[in-house]
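As a plain string of letters, each chain reads:
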Amino acid sequence: MASSTQNALNRLLESRVWQSVFRGGRGMSNLHRALAVQQNLFLHLFSVKMRRRSLEFGITWYLGTLTFVTFLILVATGIPLMLYYHPSVPQAYADMKDLQFVVSAGVFLRNLHRWAAHTMVFLVFAHMARVFYRGAYRPPREFNWVVGVVLLIVTLFLSYTGYLLPWDQLAFWAITVGSNILSAVPWMGAKIRFLMLGGTTVNANALLRFYVLHCVVLPLVAVSFIGVHFWRIRKDGGLYREPRQTHYPAQPQPISIPSSETESEVTSPHA
Amino acid sequence: MPESPNYTTVLDSDSRRAPVRVAFVTRRTSPHVKATDDPFVMTHPETLLRVAIATEVLMILLSVVSLVFNAPLEGMADPIQTPNPAKAPWYFLGLQELLHYFPPIVGGVLIPTLVVIALIVIPYFNINIEAGGLWTKNRARRLRVLTISVIVLTIGLSILEVWAILAPTLFVAALMYWTAGTPPDSGGRLRRWLTSKPLPFWIMTWFLIEAIVLTAIGTLFRGPGWSLVWPWGGSL
Ligand code: HEM
């Protein structure tokens, strides 16, 4: 059984179709491993080799990676949620009830999306703090820090726009409270608020606007900036590693090399 | 004299015939070779495996949480019925707490804008680039600046009665004075560690503690009419 599965797997990996997709070829040599990364659009955001130290848990605590994982979970759960959701009043709320009582695993889907969203906000802050305390914002990484600040704001907006979508009391009043802050902006506060809500109060227009921002605009912005963020990590020379004490030989050791011509000993001057 | 393998030294410029070269280091040249103990590893599998494990762990944790705890869903949105208190999402509750203390133009616009600008410019100021303990240079002057800042903040925040911001400020200031008092390599581990920290460390730490305290108060300790309550109920 095991060997027939193994055979089937081998035949698949050796088939022309597979090899046309993954050109790196099979094998465990470092060349094959390098090709597996370098020949893949997504993986090639990684360089083919990395400093061992930058992989240590204690450096990044993997917080950036985990933030990205929550983002992927949110995309993966968000798309099926969209299949059951209408951004209209009062249907939006009825859809929540459907997710709860009608859709198979609807509760789980919604829970996972919600908790992953909270986790992402938390992880973004934690990642930022970690990067700061490591001093990893220093040149040449200063622009990637700025990209990070943009990602922080985009993440907050993603979460905030999603907050309205269930159209329950919690959602409605949270957005009301939040959007009221905008009115305090001098001179154009009320205008900005009107633009955001599509009205003077949180209403069906606001729901539609938030939906489009949440499901289309902001995810695209986030993906673009995450792409730049990762690309810049490579271009800036990989993750920042604190300069560790470089090791010099304590004292030059005496060496002796018998010379073929003179047959005498050559010794280091310190010997 | 240990047994040495049989080397021969010849003068040759043909690298195929004499492939091994020996450098003789004279007394005046440094023989030091810069060597790091930081080798490369292959991204596949070393990095990919670690990323996969991190993904798995987080997926499992979030799945378990999602099986146990349900996302909140209250009654349908009703513009007539205002809940008391009406709260923003938790990550904005620090902001909402600021609005309780300051006029909207300050708490809702000025402070958040300044925070974002401050975050953006961090890497472009040399003070944030140089490492080294805060008190290693210009100690007397820096102490004066700290003292004046603390006095101004204390008076200002006391007039406004914003104790929630004043208390963390005084806490961080106390830590700073604690590390300023002694030579850098004295005291316990915590003191030595703190003493080695530069100014940006202190500013960020102050900011983060303020943010956490304000968010915690807004989330847990605010009830009807934004009055202080215990998280388990009952007014404070
Ligand atoms: C959607 C949000 C974000 C994602 C998915 C993300 C992802 C990542 C990942 C995977 C890394 C690799 C190393 C690590 O795990 O720490 C990284 C590094 C970095 N991140 Fe982020 N990040 C995000 C937000 C931020 C924010 C808010 C900041 C700062 C304001 C930031 C600044 C940086 C910097 C400067 C590095 C380079 C660190 C180094 O060279 O050691 N990122 N990010």
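Since this is a predicted model, take the numbers as computed values, not measurements.

What counts and what doesn't
Residues numbered from 1 in each chain as written. Chains lettered and ligands numbered in written order. Predicted model: local features only at pLDDT ≥ 70, side-chain atom pairs only at ≥ 80, totals over all residues. Heavy atoms only, no water. Core = buried A, V, L, I, M, F, W, Y, C linked by side-chain atoms within 4.5 Å. Buried < 20%, exposed > 50% of the residue type's maximum accessible area, 1.4 Å probe, protein only. Helix = DSSP H or I, 4+ residues; strand = E, 2+ residues; numbered from the N terminus. Contact = heavy atoms within 4.5 Å. Donors = N, O, S within 2.8 Å, 3.2 Å for Na, K, Ca; no water. Tetrahedral: all angles 85-135°; square planar, octahedral: opposite > 155°, others 65-115°. Near = heavy atom within 4 Å. Polar contact = N/O pair within 3.5 Å; in protein donor to acceptor, adjacent residues only side chain to side chain. Nonpolar A, V, L, I, M, F, W, Y, C, P; charged D, E, K, R; others polar. Buried area = accessible area lost by both parts, 1.4 Å probe. Salt bridge = Lys/Arg side-chain N within 4 Å of Asp/Glu carboxyl O. Domains from an automatic or database assignment. Phe/Tyr/Trp six-rings, centres within 6.5 Å; stacked < 30°, edge-to-face > 60°. Lys NZ or Arg CZ within 6 Å of the ring centre and 35° of its normal.

**Student:** Provide a residue-level description of the nonpolar core, including the pertinent values.
**Tutor:** One finds A:Trp145, B:Leu62, B:Leu119, B:Ile122 and B:Met204 to be the most contacted residues of the largest nonpolar core, which totals 41 residues. Taken together, the elements giving at least two residues each to this core come down to α5 (63-83), α7 (106-134), α8 (142-164) and α11 (204-235) of chain A together with α1 (43-68) and α7 (199-220) of chain B. Here this core takes eleven residues from α7(A), the largest share from any one element. Once you skip the residues sitting within four places of it in the chain, B:Leu119 turns out to touch A:Met128, A:Trp145, A:Val149, A:Leu152 and B:Met204.

**Student:** Before we move on, could you go through unusual backbone geometry and cite the residues and values that matter?
**Tutor:** Residue and element names in this part refer to chain B. Residues histidine 44 and proline 45 are joined by a peptide bond in cis, for which omega reads 15°. For proline 45, the position within the fold is in helix α1. Here the amide bond leading from asparagine 84 into proline 85 is cis, since omega sits at 0°, within 30 degrees of zero. Positive phi, close to 60°, is recorded for glutamate 161, a residue that is not glycine.

**Student:** An account of the coordination of the iron atom of the ligand is needed here, citing residue identities and associated values.
**Tutor:** All names here are of chain A. The protein atoms that coordinate the iron atom of the ligand are His127 (NE2) and His229 (NE2), at distances spanning 2.0 to 2.1 Å. Classification of the site at the iron atom of the ligand rests on its six donor atoms, whose angles at the metal span 85 to 179°, yielding the label octahedral. One end of the pair, histidine 127, is in helix α7; the other, histidine 229, is in helix α11, and 102 residues separate them in sequence. The exposure class assigned to histidine 127 is partly exposed, which follows from its relative accessible area of 23%.

**Student:** Help me get a handle on the site of the ligand, residues and values and all.
**Tutor:** Residues and elements named next belong to chain A. Taken together, the neighbourhood of the ligand is formed by 25 residues, with His127, Arg134, Arg141, His229 and Tyr240 sitting nearest. Separating a nitrogen atom of the ligand from a side-chain N or O atom of histidine 229 is a distance of 2.8 Å. Note that an oxygen atom of the ligand is positioned 2.9 Å from one of the backbone N or O atoms of tyrosine 240. The residue makeup of the shell around the ligand, split by class, is 14 nonpolar, nine polar and two charged.

**Student:** Just give me the short version of the interface of chain B and chain A, but keep the residues and values in it.
**Tutor:** With 81 residues of chain B at the interface, the matching set in chain A holds 86 residues. Of the roughly 7800 Å² buried between chain B and chain A, counting both surfaces, carbon and sulfur atoms make up 71%. At the boundary of chain B with chain A, the tally comes to zero salt bridges. Looking at the side of chain B that touches chain A, the elements that each hand over two or more residues are β1 (40-42), α1, α2 (93-101), α3 (104-121) and α7 of chain B. The element best represented in the side of chain B that touches chain A is α1(B), accounting for 17 residues.

**Student:** A description of the domain arrangement of chain A should follow, citing residues and the corresponding values.
**Tutor:** For chain A, the assigned domains are domain 1 (17-46) and domain 2 (62-235). Summarising the inter-unit geometry, the C-alpha centres of domain 1 of chain A and domain 2 of chain A are found 34 Å apart.

**Student:** Could you give me a rundown of the environment of A:Gln100, with the residues and numbers involved?
**Tutor:** Along the chain, the position of A:Gln100 falls in helix α6 (residues 91-101). Residue classification places A:Gln100 among the partly exposed positions, given a relative accessible area of 36%. With 125 residues separating them in the primary sequence, A:Gln100 and A:Phe225 have C-alpha atoms 34 Å apart. With residues near it in sequence (within four places) discarded, A:Gln100 still touches A:Val107 and B:Leu73.

**Student:** Break down the pattern of salt bridges for me, citing the residues and quoting the values.
**Tutor:** Applying the stated criterion to the full structure yields three salt bridges over all chains. The closest approach of N and O atoms between A:Arg232 and A:Asp236, which form a salt bridge, is 3.5 Å. With relative accessibility at 11%, the residue A:Asp236 sits in the buried group. Across the pair B:Glu46 and B:Arg50 runs a salt bridge whose closest N-O atoms are separated by 3.1 Å. Here B:Glu46 pairs with B:Arg50, and both are found in helix α1, just four residues apart, close to one helical turn.

**Student:** A description of the packing of aromatic side chains should follow, citing residues and the corresponding values.
**Tutor:** Under the defined criterion, the tally for this structure stands at 19 aromatic pairs over all chains. The interplanar angle of 20° and the centroid separation of 5.2 Å between the aromatic rings of A:Phe132 and A:Tyr137 together place this pair among those described as stacked. With centroids separated by 5.7 Å and ring planes inclined at 90°, the aromatic side chains of B:Trp193 and B:Phe201 adopt a geometry described as edge-to-face. Overall, B:Trp193 belongs to the partly exposed group, its relative accessible area being 45%. One aromatic cluster is present, formed by A:Phe132, A:Tyr133, A:Tyr137, A:Trp145, B:Trp193, B:Phe201 and B:Trp202 through successive ring pairs. Just above the ring of B:Phe40 sits the side chain of A:Arg51; from NZ or CZ to the centre is 4.1 Å.

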